[in-house]
Amino acid sequence: MKHISIAIDGPAGAGKSTLARQVAEKLGYAYVDTGAIYRTIGLFLQICGVSPKDTDGIARLIDEAAIRVEYDEAGAQHMFLNDQDVTAELRTPDLSDYASKISAQPLVREVLLDLQRNLAATRNVVMDGRDIGTVVLPKADVKIFLTASPEVRARRRLLEMQEKGDKKASFEKVLADIRQRDDRDMHRAVAPLKCAHDAVKVDTSDLTLEESAAALLAVIEKRLGL
Ligand code: DC
């Protein structure tokens, strides 16, 4: 049976995960957060103490990381690293930076490719990431490139951090981190972040969350003929 796949790519902070989750729920599809998969392998390599530039070190260690994706009854994605649920440990700024660095390593991307494709082969998915429409699922039924200005993304990220109780975060630092991560994700040699030629671009800079979700659903419904 052919499953439907919806690819949502875009830079950090464009609202991908929140929107992809909402859209998946509405459609009754699984939401696959591929950033969490990169973060899990990042957590493993970080614990091992390997430098993100150390290609040989990564090659030596990577087979020791058993990564598994599971969904609970509520549809939430859980990441398992060597049989331990590490989901709650994945969203630190430190790991954001480290995961972005190791995701430039071709071997890391290669190891994670089958895992992501298998998830889409066995269920209907809304999958978000950087290279879903271009590399992971080039034949996805719908491709969306979600974007927003760096300033808007930094403001949203800062608000999120403040809501979690982070009082020290500054707008300038968050913006600088976002710009640096964009630059790295867009300019790496393998599977860089870019808009697929057949993707629909949605800019959420001037849209509320509700408006963005409605815009996304409109694109999806039109493409799928719903
Ligand atoms: O979406 P995120 O911030 O959780 O992703 C963390 C890092 O993982 C991001 O900076 C780049 C990398 N990544 C990737 O290279 N390809 C993906 N499909 C998803 C994430």
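These numbers come from a predicted model, not from an experiment.

For the rest of this paragraph, the subject is the environment of I6. For I6, the location among the structural elements is in strand β1 (residues 5-9). Residues I6 and L115, spaced 109 residues apart in sequence, show a C-alpha to C-alpha distance of 17 Å. Ignoring anything within four residues of it in the chain, the contact list for I6 reads L27, Y29, V125, V126, M127, V142, I220 and L224.

Here the focus is the side chain of Q77. One can find Q77 in strand β4 (residues 77-81). For Q77, a relative accessible area of 14% puts it in the buried group. At a separation of 2.7 Å, a polar atom in the side chain of Q77 contacts the main-chain amide nitrogen of D33. Apart from residues lying up to four places away in sequence, Q77 is in contact with Y31, V32, D33, A36, I37, V69, E70, Y71 and T87.

As a further point, take the sheet that holds strand β2 (residues 30-33). Sheet architecture is open: five strands sit in the order β2-β6-β1-β7-β8, paired in parallel fashion. Every interior strand has two partners, whereas the edge strands, β2 and β8 (200-203), have only one. Sheet twist, expressed as the mean angle between neighbouring strand axes with direction ignored, is 20 degrees.

Our focus in this paragraph is the nonpolar core. By size, the foremost hydrophobic cluster in this structure holds 34 residues, and its most contacted members are M79, V108 and M127. In this structure V108 touches Y38, I41, I58, I62 and I102, once residues within four positions along its chain are discounted.

Close contact between helix α4 (residues 93-102) and helix α8 (residues 171-187) brings their axes to 9 Å; oriented N to C, the two are set at 20 degrees. Put simply, α4 runs roughly parallel to α8. The interaxial crossing formed by α4 with α8 has left-handed handedness. Here S96, D97, S100 and K101 of α4 lie close against α8, whose contacting residues are Q180, R181, R184 and D185. Looking at the contact of α4 with α8, its residues break down into no nonpolar, three polar and five charged.

Here we take up the site of the ligand. The environment of the ligand is made up of 15 residues, and the closest members are R39, R109, R130, R181 and R188. Between the ligand and the protein, one listed contact pairs an oxygen atom with a side-chain N or O atom of R130 at 2.9 Å. R181 has a polar side-chain atom sitting 2.8 Å from an oxygen atom of the ligand. Summarising the interface, the protein chains cover 97% of the accessible area of the ligand, which totals 440 Å² for the free molecule. Of all the secondary structure elements, the ones that give two or more residues to the shell around the ligand are α2 (34-48) and α8.

With that out of the way, let us pick up the sheet that holds strand β5 (residues 84-85). The pairing of strands in a sheet comes from backbone hydrogen bonds and takes either a parallel or an antiparallel form. In space, the three strands of this open sheet follow the order β3-β4-β5, with antiparallel pairing throughout. Looking at the sheet topology across the chains shown, the edges are occupied by β3 (67-71) and β5. Pairing of β3 with β4 involves five bridges; the strand directions are antiparallel. Bridging across to β4, R68 finds its partner in F80. Against the sheet, α2 contacts β3 and β4, and its axis sits at roughly 25 degrees relative to β4.

Right, let's get into α8. The terminal C-alpha atoms of α8, which comprises 17 residues, lie 24 Å apart, in line with the 24 Å expected from a rise of 1.5 Å per residue. Taken as a whole, α8 has its buried residues at V174, L175, I178, R181, D182 and D185. The arc enclosing the buried residues of α8, seen along the axis, measures out at 130 degrees, which places them on a common side. Those residues of α8 that are exposed and angled more than 90 degrees off the buried face are E172 and H187. Among the structural elements, α2, α4 and α7 (150-163) are those in contact with the buried residues of α8.

With that settled, the discussion passes to the UniProt feature "binding site: ATP" (unreviewed entry) in the protein. Residues annotated in UniProt with the feature "binding site: ATP" (unreviewed entry) correspond here to G10, P11, A12, G13, A14, G15, K16, S17 and T18. Structurally, S17 is set in helix α1 (residues 16-27). By relative accessible area, which is 33% here, T18 ends up partly exposed.

Moving on: the packing of α7 against α8. Two elements in contact, α7 and α8, have axes whose closest approach is 9 Å; the angle formed by their N-to-C orientations is 120 degrees. For the element pair α7 / α8, the angle class is oblique. Judged by the twist between their axes, the crossing of α7 over α8 is right-handed. Across the interface between the two elements, P150, E151, R153, A154, R155, R157, L158 and M161 of α7 pack against F171, V174, L175, I178, R179, R181 and D182 of α8. Taken together, the residues that form the contact of α7 with α8 break down as eight nonpolar, no polar and seven charged.

Thresholds, definitions, all that
Residues numbered from 1 in each chain as written. Predicted model: local features only at pLDDT ≥ 70, side-chain atom pairs only at ≥ 80, totals over all residues. Heavy atoms only, no water. Helix = DSSP H or I, 4+ residues; strand = E, 2+ residues; numbered from the N terminus. Contact = heavy atoms within 4.5 Å. Buried < 20%, exposed > 50% of the residue type's maximum accessible area, 1.4 Å probe, protein only. Polar contact = N/O pair within 3.5 Å; in protein donor to acceptor, adjacent residues only side chain to side chain. Pairing = 2+ DSSP bridges. Axes fitted to C-alpha atoms, helices over the stretch in contact; angles between N-to-C directions. Core = buried A, V, L, I, M, F, W, Y, C linked by side-chain atoms within 4.5 Å. Parallel < 35°, antiparallel > 145°, perpendicular 65-115°, else oblique. Left-handed = near helix turned anticlockwise from the far one by under 90°. Nonpolar A, V, L, I, M, F, W, Y, C, P; charged D, E, K, R; others polar. Near = heavy atom within 4 Å. Areas by Shrake-Rupley, 256 points an atom, 1.4 Å probe, with all protein chains shown as cover. Expected span 1.5 Å × (residues − 1). Arc of directions from axis to C-beta. UniProt positions renumbered as here; feature names shortened; annotations may be inferred.

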